[in-house]
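The lines below spell out each chain.
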Amino acid sequence: MTIGRVNPARRLEDQGITGLGNVYYNLMEPALVEAALKRDEGKLGKGGAFLVTTGKHTGRSPKDKFVVKTPSVEPHIWWENNPPMDPAKFDVLYEDMLEHMKDGDYFVQDLFGGADPAHRLDVRVVSELAWHNLFIRHLLRRPDRDELDEFDPEFTIINCPTFNANPERHGCRSETVIALNFDRKLILIGGTEYAGENKKSVFSLLNYMLPEKGIMPMHCSANHANGNPVDTAIFFGLSGTGKTTLSADPSRTLIGDDEHGWSDTGTFNFEGGCYAKTINLSAEAEPEIYATTEKFGTVIENMIYDEETLELDFEDDSLTANMRCAYPLHYISNASKSAIGGHPKNIIMLTCDAFGVLPPIARLTPAQAMYHFLSGFTSKVAGTEKGVTEPEPTFSTCFGAPFMPRRPAEYGALLRDKIAKHGATCWLVNTGWTGGAYGTGSRMPIRATRALLTAALDGSLADAEFRKDENFGFEVPVKVAGVADLLLDPRRTWDDASAYDAQAQKLVEMFAKNFTQYEGDIDDDVKAVALG
């Protein structure tokens, strides 16, 4: 039975998906919460938030993600990063999943990937879980209700957590599978309840499709000056670097917190919501994000709470340190309604350096920006994983390797050309440790980071005196109002300068070793600034 609003010519049966029970199309938030509660998928929390747990998968499963290897995509995919799936195996997987779905009730959302109408992708998401449908309704762009009557999905995502793949039969690695078929315009997700797979599947699609149109897809947050979208800044960064926190500046308008495109006309958010980490979240440090955890329909994922009062515990990571909340962008008071900005005037590359070596901010040349973009450096710290006894580097190219179907140099060249054309100023910002490595030093003060970013974005930092860093070659300000001079020179913050020198050399060698994989794909100007 068809329930809800849908293009009558584009129901699931028109796509060859038949034999289901009730199919609920484009339900709005109250109906989805009601359905999820009725199906015992979770619990209603304070303010009407929806509390869920995701079982054994509390994060993405990157090793279980595959791209179907067809002739049309074979020359363009970065196969070293995207394991291939045989087309015949995918066909069997699809038929088996459809058979598994027979007689079951499913929830469908027809949504846009991309705020810019000229470049958005029409996506249909078919969910076994009602709360997954609520999640993706928050995270993607929602059409006006009358647009649904003629909505024609270009890609369809089917997410069926109770379906377990067979590695031998389906050509995958385990019972969990995420399979992207660009020719059949299908994505199949099975064996995981972790909701983030939904949104990152759309991101992977856009990361493949948009470069052919000259659009740079970016794993970044973005904001612009209040009342002035031309003054746009983007913030690249891996998990834990402060991408969401630092872009949520009350003095600027938030465009988005995670995924954006850079076209010939400017910057646009891919999404219509946010998926924020909640570990150690506080009302004092991040009041607006904190407030969303008690708003109607916000999905609270894998958080411990008091069974009687429903108070959330933001410090208890017994389920996972990757606990999150998902909410629509309009829950943030200073969010842009259009989610569109201008060409970036400033590009911020965030890193969490647990080695205590990098300065709190450095100015990059275009060649250095490409070097650090391809490197995508941050670090793990001792104690976060079994066996980690000292800081370990993490290099994730383009600040988002798991979501990049194409080769890194292709994204790097796009970024280089756009920086050159539009004259963006590039900065490397370290939100990690100072005064020593993790365990000895201390975390970079957030007030200092915000002061430095404010100076960079308002243009005043450009007039500061800079020194050339001896180890990394970039420019570091000597003096900035509101920031201790000592903090700007990492070597001086260490008690033992020779220990700093040894640690810095060690990090330089790590950068150099990682970058050898890109030497055949870069221009001479980038080779000239490469470390080592």
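Rules behind the numbers
Residues numbered from 1 in each chain as written. Predicted model: local features only at pLDDT ≥ 70, side-chain atom pairs only at ≥ 80, totals over all residues. Heavy atoms only, no water. Salt bridge = Lys/Arg side-chain N within 4 Å of Asp/Glu carboxyl O. Helix = DSSP H or I, 4+ residues; strand = E, 2+ residues; numbered from the N terminus. Buried < 20%, exposed > 50% of the residue type's maximum accessible area, 1.4 Å probe, protein only. Pairing = 2+ DSSP bridges. Core = buried A, V, L, I, M, F, W, Y, C linked by side-chain atoms within 4.5 Å.

**Thoughts on the pattern of salt bridges**
- Counting across every chain of the model gives 33 salt bridges.
- Between Glu307 and Lys43 there is a salt bridge, and its shortest N-O distance comes to 3.2 Å. Taken as a pair, Glu307 in the loop between strand 18 (299-301) and strand 19 (324-328) and Lys43 in strand 3 (residues 43-44) lie far apart in primary sequence, 264 residues in all.
- Under the relative-accessibility criterion, Lys43 is labelled partly exposed at 33%.
- Here Glu259 and Lys200 are joined by a salt bridge, their closest N and O atoms 3.2 Å apart. Taken together, the positions of Glu259 in strand 15 (residues 259-262) and Lys200 in helix 5 (residues 196-209) put the pair 59 residues apart, joining distant regions of the chain. Both residues of the pair, Glu259 and Lys200, count as buried.
- Each of Lys199, Lys200, Lys243, Asp258, Glu259 and Glu271 takes part in salt bridges that share partners, so that together they form one network.

**As for helix 8 (residues 366-375)**
- Here helix 8 lies mainly inside the structure; nine of its 10 residues are buried.
- All of the buried residues in helix 8 are Ala367, Gln368, Ala369, Met370, Tyr371, His372, Phe373, Leu374 and Ser375.
- At the C-terminal side of helix 8, Gly376 shows a positive phi close to 60 degrees.

**Topic: the sheet that holds strand 3**
- Judged by pairing direction, the sheet is mixed, and its five strands sit side by side in the order 3-4-18-19-17 without closing on themselves. Here the strands that pair on one side only, and so sit at the sheet edges, are strand 3 and strand 17 (273-277).

**Considerations on the nonpolar core**
- Of all hydrophobic cores here, the largest spans 50 residues; its most connected members are Phe236, Ile347, Met349, Phe373, Leu415, Phe472 and Leu507.
- The set of elements that each furnish at least two residues to this core consists of strand 12 (216-225), strand 13 (228-236), strand 21 (344-351), strand 22 (361-364), helix 8, helix 9 (408-422), strand 25 (425-430) and helix 12 (497-515).
- Top contributing element to this core by residue count: helix 12, with seven residues.
- Counting 47 residues, the second largest nonpolar core, distinct from the first, contains Leu121, Leu210, Ile215 and Phe268.

Purely geometric stuff here, so don't read any function into it on its own.
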